[in-house]
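Report on the structure
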Amino acid sequence: MEKLTDLEYLRLNKLKKFWYKFRLFILAIPLFFKNIGLKIADKCKKAWLFVKNQFIDIYKTFKEGDWKTRTSFFVMGFGSIARGQWLRGVLFLLFELVFIIYMIFWGGFWLSKFPTLGTVQPGEKYDEILDTYVRVDGDNSFKILLYGLLTIIFIIGFIYTWRLNVKQNKISEEIIKSGKKIKSSKEDLKSLLDDQFHKTLLALPVLGITVFTVIPIIFMILVAFTSYAGKYDGYANLFTWVGLENFNQLFQWGNGSSNFAATFGEILSWTLMWAFFATFSNYFLGMIVAMIINKKGIKFKKLWRGILVLTCAVPQFVSLLYISKLFDVNGLVNGIMVNAGWIDQPIRFWENATSARIMVILINIWIGIPYLMLIATGILMNIPQDLYESARIDGANTFQQYTKITLPYMLFVTGPYLLTSFIGNINNFNVIYLLTGGGPTDPKLSVTMNGASATAGSTDLLITWLFNLTTGATSNYKLAAVISIMIFVVVALLSVIVYNVMPSTKNEEDYS
């Protein structure tokens, strides 16, 4: 399709403009995926060249280096110590000693068990002293999976440190050959508190992120490829690797309780629907409330803002539990309407799928508007009033001022917030769990996997369904891990796509 010039496009009517943009969008989809493929191929090529260059550099360093550098290939830190850099050398050598001791006494054992996750079941052994049978522990699949993973990460860390040791020796040797003086241990310490201070500050946070975020995520991904569940707890009954079996079962189309794909699709669609309404209803209504309060002529502005701010001070846990009881069958709302003669029978707000979904969206609006009002108030106050004056002189009405000035400015500033808010609502556990607990129960969403139930309710999000899967006697951890991976995939795709099209990243200069 030929692309129109700006003049040709302006001559089109609204319907033709829409059709032209729609065709451009459809034609851009294959190009979008083609560009993604090219980028992935380019990244793979760069990764391969990086690894290749590293091996070439290591070979040249060993071949062309002096005896101190070559010895450091086997005794980490030797070259640094021999050249007077005692601090670096001792740290490298100490790390190598710790690694060797760990691998001999512990790491080798966990790695040997890692491919099977354990083969020795617990049993009983006759104790002659007690004259009875006592329990004899076998392998522990959970510990093998965890410590095996930690051992692999430790090995990767050792390889990286070894490479750093080789590189440091090469750099030091080149500095000496050029006639310059290398840094002493005292200068190294001073550097860590001066020009390298950013590394010193970031060391602890990076370590914390690795230990408490990265490793648990990798562990969860590994669980998705095992049979880990309440029945196979890894201690009394060992679990093992099952490959892609859990993913196959999740996307399995069947009849009745084996139709996992339909259940997952239903919950995913409701999760995205909930996230959309929960995000944009709060966003636009909060903005409107802020605009009304900021409007000239409105009295007691501080009072209205103060009332809305006070609602933020009430713990959400208290508010949501109170509201859930307020709209219960025997709650205050039904009591008032029955006594007033407005209804004959109490309305079962939480027992009907449609009404329950509408209620959680409306209640989320009630608790979300104050936050958006505060954010919008600060942004609206920073929009230059000259823009509105110019628009009024040009004959723009209130709606046109909103669509051409206020909304574009708000979207530019709050674009990243909208994205994080949408992602947060996909994983919004509190509102759903405290209001409905995921209910009402839907028989069509009840599935069974290897004897373990995976029942879901009509208002369950993926995150609340995941929580239900990991609690109780069944404890279907393997399926929960698979669902966690799918949540990550959905969130990651949405984040990448939205982030690359939002005005905040594409047109930064427009509002600067």
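Conventions adopted
- All residue numbers refer to position in the chain's written sequence, counted from 1.
- Reporting in this predicted model follows two pLDDT cut-offs: at least 70 for local features of residues, and 80 or more for side-chain atom pairs to be given and counted; totals over whole chains, interfaces and linings ignore these cut-offs and use all residues.
- With hydrogens and water stripped out, all remaining heavy atoms of the structure feed into the side-chain values.
- By definition, any uninterrupted DSSP run of H or I lasting at least four residues is a helix, any uninterrupted run of E lasting at least two residues is a strand, and each is numbered from the N terminus.
- The cut-offs for exposure are 20% and 50% of the maximum accessible area for each residue type, with area from a 1.4 Å probe on protein chains only; residues under the lower value are buried, those over the upper are exposed, and the others partly exposed.
- Every residue pair with non-hydrogen atoms within 4.5 Å of one another is taken to be in contact.
- For the purpose of counting charges, residues Lys and Arg are taken to be positive, whereas Asp and Glu are taken to be negative. His and the chain ends are not included.
- Just so you know, the charge point we use is NZ for Lys, CZ for Arg, CG for Asp and CD for Glu.
- Distance and chemistry together define a polar contact, namely a pair of N or O atoms within 3.5 Å, with one atom able to donate a hydrogen and the other to accept it when in protein, and with adjacent residues in sequence counting only for side-chain atoms on both sides.
- For every residue, the pLDDT score states the predictor's confidence, bounded by 0 at the bottom and 100 at the top.
- Basic side-chain nitrogens of Lys or Arg form a salt bridge, by our definition, when they fall within 4 Å of a carboxyl oxygen of Asp or Glu.
- In plain words, nonpolar cores are sets of buried Ala, Val, Leu, Ile, Met, Phe, Trp, Tyr and Cys residues tied together by side-chain atoms within 4.5 Å.
- To define axes, lines are fitted to C-alpha atoms, for helices over the stretch in contact only, and angles between the resulting N-to-C directions are given on a 0 to 180 degree scale.
- For classification purposes, an angle smaller than 35 degrees is called roughly parallel, one larger than 145 roughly antiparallel, one from 65 to 115 roughly perpendicular, and anything else oblique.
- By definition, any crossing whose near helix is turned counterclockwise from its far helix by less than a right angle is left-handed, and any crossing with a clockwise turn is right-handed.
- Lys, Arg, Asp and Glu make up the charged group, whereas Ala, Val, Leu, Ile, Met, Phe, Trp, Tyr, Cys and Pro make up the nonpolar group; the residues left over, Gly among them, are polar.
- It is the directions from the helix axis to the C-beta atoms whose arc is reported.
- Multiplying 1.5 Å by the helix residue count minus one yields the expected span of that helix.
- Bend, at a single residue, is the angle you get between axes fitted to the 7 residues ending at that residue and the 7 residues starting at it.

Here we look at the overall build of the protein
Counting secondary structure elements, the protein contains 20 helices and four strands. Projected onto its principal axes, the C-alpha coordinates of the protein cover approximately 90 × 80 × 55 Å. Counting the 512 residues in the protein, one finds 36% classified as buried. Sequence separation of at least 24 residues holds for 63% of the intrachain contacts in the protein that already meet a minimum separation of 6. The centroid of the 48 positive side-chain charges in the protein is displaced by 9 Å from the centroid of its 34 negative side-chain charges.

With respect to the side chain of Asn334
Note on placement: Asn334 falls in helix 13 (residues 332-339). For Asn334, the side chain forms a polar contact with the main-chain oxygen of Val329, separated by 3.5 Å. Here Ile347 takes part through its backbone nitrogen, which lies 2.8 Å from a polar atom of the side chain of Asn334.

Here's the deal with the confidence of the model for the protein
Across the protein, the average pLDDT comes to 86, with 95% of residues at 70 or higher. Summarising per-element confidence for the protein, the mean pLDDT is lowest in strand 4 (residues 452-453) (59) and highest in helix 5 (residues 86-113) (95).

Thoughts on the pattern of salt bridges
All told, the structure shown has 11 salt bridges when counted by the stated rule. The shortest N-O distance in the salt bridge between Asp188 and Arg88 comes to 3.0 Å. On the criterion of sequence distance, the pair formed by Asp188 in helix 7 (residues 185-192) and Arg88 in helix 5 is long-range, its members being 100 residues apart. With a relative accessible area of 22%, Arg88 lands in the partly exposed category. Between Glu389 and Arg392 there is a salt bridge, with the nearest N and O atoms lying 2.9 Å from each other. Of this pair, Glu389 and Arg392 both sit in helix 15 (residues 385-393), separated by three residues, roughly a single helical turn.

Looking at the environment of Ile215
Mapped onto the secondary structure, Ile215 falls in helix 8 (residues 197-223). Ile215 sits in the buried class, given a relative accessible area of 12%. In the structure, Ile215 is positioned 19 residues away from Gln196 in sequence and 27 Å away in space, judged by C-alpha atoms. Setting aside anything within four residues of it in sequence, one finds Ile215 in contact with Leu149, Leu150, Ile153 and Thr210.

Quick word on the nonpolar core
The biggest cluster of nonpolar side chains holds 77 residues, and the ones touching the most others in it are Trp274 and Trp350. When residues of this core are assigned to their parent elements, the largest contribution, 10 residues, is made by helix 19 (residues 477-501). In this structure, Leu308, Ala376, Ile379 and Tyr388 belong to the second largest nonpolar core, which totals 19 residues.

Regarding the packing of helix 18 (residues 462-469) against helix 19
Packing of helix 18 against helix 19 leaves a shortest axis separation of 9 Å and a crossing angle of 165°. Here helix 18 lies roughly antiparallel to helix 19, going by the angle between them. Where helix 18 crosses over helix 19, the two elements pack in a sense that is left-handed. Of the residues in helix 19, those in contact with Leu462, Ile463, Trp465, Leu466 and Leu469 of helix 18 are Leu479, Ala480, Ile483, Ser484 and Ile487. Of the residues in the contact of helix 18 with helix 19, the class split is nine nonpolar, one polar and no charged.

Digging into helix 13
Among all positions in helix 13, only Val333, Asn334 and Met337 are buried. End-on view of helix 13: buried residues confined to an arc of 95°, all on one side of the axis. The exposed residues of helix 13 that point more than 90 degrees off its buried face are Leu332 and Asn339. Where helix 13 is buried, its residues contact helix 12 (316-326). Of the residues one or two after helix 13, Gly341 is the one with positive phi, at around 80°.

Notes on helix 2 (residues 14-64)
Between its first and last C-alpha atoms helix 2 spans 71 Å; for 51 residues at 1.5 Å apiece the expected length is 75 Å, and the two agree. Of all the bends in helix 2, the largest measures some 30° and sits at Ile29, one to four residues before the proline Pro30. Among all positions in helix 2, only Tyr20, Gln54, Asp57, Ile58 and Thr61 are buried. Against helix 1 (6-10), helix 3 (67-72) and helix 6 (141-177) lie the buried residues of helix 2. Taking the backbone nitrogen of Leu15 as reference, a side-chain oxygen 3.2 Å away marks Asn13 as the first, capping residue of helix 2.

Brief notes about the side chain of Glu173
Here Glu173 shows up in helix 6. With residues near it in sequence (within four places) discarded, Glu173 still touches Glu64, Gly65, Asp66, Thr69 and Arg83.

Points about unusual backbone geometry
Residue Pro440 follows Gly439 across a cis peptide bond; omega there is 0°. Turning to its location among the elements, Pro440 is positioned in the loop between helix 17 (429-435) and strand 3 (448-449). Non-glycine residue Leu117 carries a positive phi angle of around 60°. Summarising the element assignment, Leu117 is placed in the loop between helix 5 and strand 1 (123-127).

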